[in-house]
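Working through the structure, step by step
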Amino acid sequence: MKTRNIFITFLFLSLLIISCKTSEKKEKIIGKISEKAMVVSARMEASKIGSDILQKGGNAYDAMVATHLALAVVYPVAGNIGGGGFMIYRNTDGTKGALDFREKAPIIAHKDMYLDAEGNVIENKSVLGAHAVGIPGSVAGLFEVHEKFGSLPFKDLIQPAINLARNGITITKKQQSDLENAKERFDKVNNYKSVFNEDWQEGDVLKQEELAQTLERIRDFGKDGFYKGKTADLLVNYVTELGGIITHEDLEKYQAIWRKPISFNYKDYTINTMTLPSSGGICLAQILKTIEPFDVSKLEHNSTEYVQLLTEAERRSYADRANYLGDIDFVKVPIDSLTDQNYINKRMSSFSWDKATPSSEISHGKILGYESNETTHYSIVDQFGNAVSVTTTLNTGYGSKVVVKGAGFILNNEMDDFSSKPGVPNVYGLVGSKANAIAPEKRMLSSMTPTIVEQNGKLKMVLGTPGGSTIITSVLQNILNVTEFNMGMQESVDKPRFHHQWLPDVIRMEPNGFNAQTISKLETLGYEILERNSLIIGRVDAILVLPNGKLEAGADKRGDDSAVGF
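Residues numbered from 1 in each chain as written. Predicted model: local features only at pLDDT ≥ 70, side-chain atom pairs only at ≥ 80, totals over all residues. Heavy atoms only, no water.

Considerations on the overall build of the protein chain
Secondary structure assignment for the protein chain yields 17 helices and 19 strands. Computed over the C-alpha atoms, the radius of gyration of the protein chain is 24 Å, within 12% of the 24 Å expected from 2.2 N^0.38 for a compact globule of 566 residues. Along the longest, intermediate and shortest principal axes, the C-alpha atoms of the protein chain span 95 × 55 × 45 Å. A buried classification covers 62% of the 566 residues belonging to the protein chain. When the accessible surface of the protein chain is summed, it comes to about 21,800 Å², and 51% of that surface belongs to carbon and sulfur atoms. Taking the average place of the 63 positive charges on the side chains of the protein chain and the average place of its 69 negative ones, the gap between the two points comes to 4 Å. (Helix = DSSP H or I, 4+ residues; strand = E, 2+ residues; numbered from the N terminus. Rg over C-alpha atoms; globule rule 2.2 N^0.38 Å. Buried < 20%, exposed > 50% of the residue type's maximum accessible area, 1.4 Å probe, protein only. Areas by Shrake-Rupley, 256 points an atom, 1.4 Å probe, with all protein chains shown as cover. Lys, Arg positive; Asp, Glu negative; His and termini not counted. Charge placed at Lys NZ, Arg CZ, Asp CG, Glu CD.)

Observations regarding the UniProt feature "binding site: L-glutamate" (unreviewed entry) in the protein chain
Look at the UniProt record and you will see "binding site: L-glutamate" (unreviewed entry) annotated at Arg102, Thr393, Leu394, Asn395, Asp417, Ser446, Ser447 and Gly468. With respect to the secondary-structure elements, Arg102 resides in the loop between β4 (96-101) and α4 (138-149). One can find Ser447 in the loop between β11 (387-393) and β12 (451-455). For Ser447, a relative accessible area of 0% puts it in the buried group. (UniProt positions renumbered as here; feature names shortened; annotations may be inferred.)

Re the packing of aromatic side chains
For any two aromatic rings, the description comes down to two numbers: the centre-to-centre distance and the angle of the planes. Enumeration according to the criterion identifies 19 aromatic pairs in this entry. With a centroid separation of 6.1 Å and 80° between ring planes, the pair formed by Tyr306 and Phe498 is classed as edge-to-face. Neither Tyr306 nor Phe498 differs from the other in exposure class; each is buried. In this structure an aromatic cluster arises from ring pairing among Tyr61, Tyr89, Phe149 and Trp258. Across from the ring centre of Trp258, 4.2 Å away, lies the NZ or CZ of Lys148, which sits over that ring. Taking NZ or CZ as reference, Lys223 lies 5.8 Å from the ring centre of Tyr227, over its face. (Phe/Tyr/Trp six-rings, centres within 6.5 Å; stacked < 30°, edge-to-face > 60°. Lys NZ or Arg CZ within 6 Å of the ring centre and 35° of its normal.)

Remarks on the nonpolar core
Judged by nonpolar contacts, the single largest core of 81 residues is most densely connected at Met64, Ile81 and Leu215. In this structure, Leu215 is in contact with Leu69, Val73, Ile81, Ile158, Ala161 and Ile162, ignoring residues within four places of it in sequence. Counting 63 residues, the second largest nonpolar core, distinct from the first, contains Ala285, Val296, Leu445 and Met487. (Core = buried A, V, L, I, M, F, W, Y, C linked by side-chain atoms within 4.5 Å. Contact = heavy atoms within 4.5 Å.)

Section: the pairing of strand β9 (residues 269-273)
Along any regular strand the residues' side chains alternate between the sheet's two faces. Along β9, 4 of the 5 residues are buried, which leaves the element largely enclosed by surrounding structure. Sheet analysis places strand β8 (residues 262-266) next to β9, joined by 5 bridges and oriented antiparallel. Of the residues in β9, the one forming a bridge with Ser263 is Asn272. The antiparallel pairing of β8 with β9 creates a hairpin that spans 2 residues between the two strands, and Lys267 there sits at a positive phi of about 55°. As judged from the 5 bridges shared by β9 and β12, these two strands associate in the antiparallel manner. Along β12, the bridge assignment pairs Thr273 with Thr451. (Pairing = 2+ DSSP bridges.)

Let's talk about unusual backbone geometry
A cis amide bond links Leu276 with the next residue in sequence, Pro277, at an omega value of 15°. Its place among the elements puts Pro277 in the loop between β9 and α11 (280-291). Residues other than glycine seldom take positive phi values, yet Tyr398 does so here, at roughly 60°. Counting through the fold element by element, Tyr398 comes out in the loop between β11 and β12. For Tyr398, a relative accessible area of 3% puts it in the buried group. Phi is positive for Lys401, close to 75°, though the residue is something other than glycine. Mapped onto the elements of the fold, Lys401 is located in the loop between β11 and β12. With a relative accessible area of 2%, Lys401 lands in the buried category.

Brief notes about α11
Compared with an ideal rise of 1.5 Å per residue, which puts 12 residues at 16 Å, α11 spans 17 Å between its outermost C-alpha atoms and is within 8% of the ideal. Counting buried positions along α11 yields 12 of 12 residues, so the element is predominantly enclosed. (Expected span 1.5 Å × (residues − 1).)

So, the packing of helix α2 (residues 44-55) against helix α5 (residues 154-167)
With their axes 10 Å apart at the nearest point, α2 and α5 run at an angle of 150° to one another. Between α2 and α5, the angle falls in the class roughly antiparallel. Helix-helix and strand crossings are classified by hand; for α2 and α5 the assignment is right-handed. Together, Glu45, Ile49 and Ile53 of α2 and Asp156, Leu157, Pro160 and Leu164 of α5 make up the contact between the two elements. Of the residues that constitute the contact of α2 with α5, the class distribution is 5 nonpolar, no polar and 2 charged. (Axes fitted to C-alpha atoms, helices over the stretch in contact; angles between N-to-C directions. Parallel < 35°, antiparallel > 145°, perpendicular 65-115°, else oblique. Left-handed = near helix turned anticlockwise from the far one by under 90°. Nonpolar A, V, L, I, M, F, W, Y, C, P; charged D, E, K, R; others polar.)

As structure tokens, this is what we get:
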């Protein structure tokens, strides 16, 4: 009897342990899973519109157009038709490419346009108001994509956004806060009261009739419905009224450009990402090639050693970014040299586990603009196996704060992404050189890093993020979370992040994500840590192809981001 009781007790305890382990497994964070297709973006409404287009038989490029236009309505802080961006694509047959629909400087722009008579930068002139606006590229980009890859009529792709603008969107808590913070600047910049100047509360319905009519002109007249005709007149006339320099010729001459992506190997993965004028691809390649000789998977995730290794790699890459990088159509950039393994190894030869390498001792190697947290990214995989990764922006939240009178859309402040004066930091602290100086029709340097990862020739991951200079390091950490630490997509996106960008010489850390011992040890090694409650690093929207072929979304909980698939 006693033996029987011992056996029953042992059996009970065994079952309890198994149950606990099973419970632990169930607690593992898993994002939305879909069988065939997925859209992940900053807002549920936009993701659903994109997914609906796919369900109607459209492809990833149709869904891109519909999602982008929906974000212009439902997420005006960054979604846009008055901004620009970059796209990386991978077709189901493995062919890859990139589209640059980055904004450009106006024809009469010049390198000293933000300097006073003494040669000093005029505060906020490149950030607020009509002088801050670059020539928008988003609409041209959408038509380039549709013409090359689209399968459904453009009118069917834009109509959901028109309906959304006319019928209204529900203001979220985060949007209320964003609009409240920007209200004074909307008032300061514009000479009339736009819909964004109201006192919006969570749950209110924001209707944008003027924007709906602008979208209808694009629907009816195509690209010319934006760059010519009534919309162009409204844009040019209002910018001129506010003292800006954009002309009809600027709009008519704008072209999006197809480019060859930056593609490189990291272990058994192939990373495909954006080339110049985005610095993202080159910097990502440099950082991953720098850490590749180290056995990263043996380091504890977000440990002192892990943070130290990535920080030192980032420090060196961002120093090169500041000196060499600019619009590849205007300046000669030594891309092959900057991503050469021998060059990278030499750059890292001064690294020591025993202490920090001060940024004052790191210049650029011898042989390179900025988005705020209010950029936005969306990732799409369709039922045919095509994938697109798109990052788009107005630059800072609500861009220049200029709302085109009579047209209802917000214009960017991308001119601040140029170096107003070489060596002087822009509004976000990034330093630039002559390579990124202002010139007529030049594209400003960017940090946007839309990325597609392959493994053994097959699609593995689609990802990107807003976050200014932290875009590059956020994409980096999510790639490593999956490839080195075997995380799922949502688990990876949820993990706390950190960032270093050469200058200022500080490691930015998201709050409450790193243990005190790690931070203390880093400080002992000579690193300065910035950890504050308001600090958010990136809002990653990503898709992971699982071993069984299903798709897992990572929709960032730092925003209102959401995934929809089927």
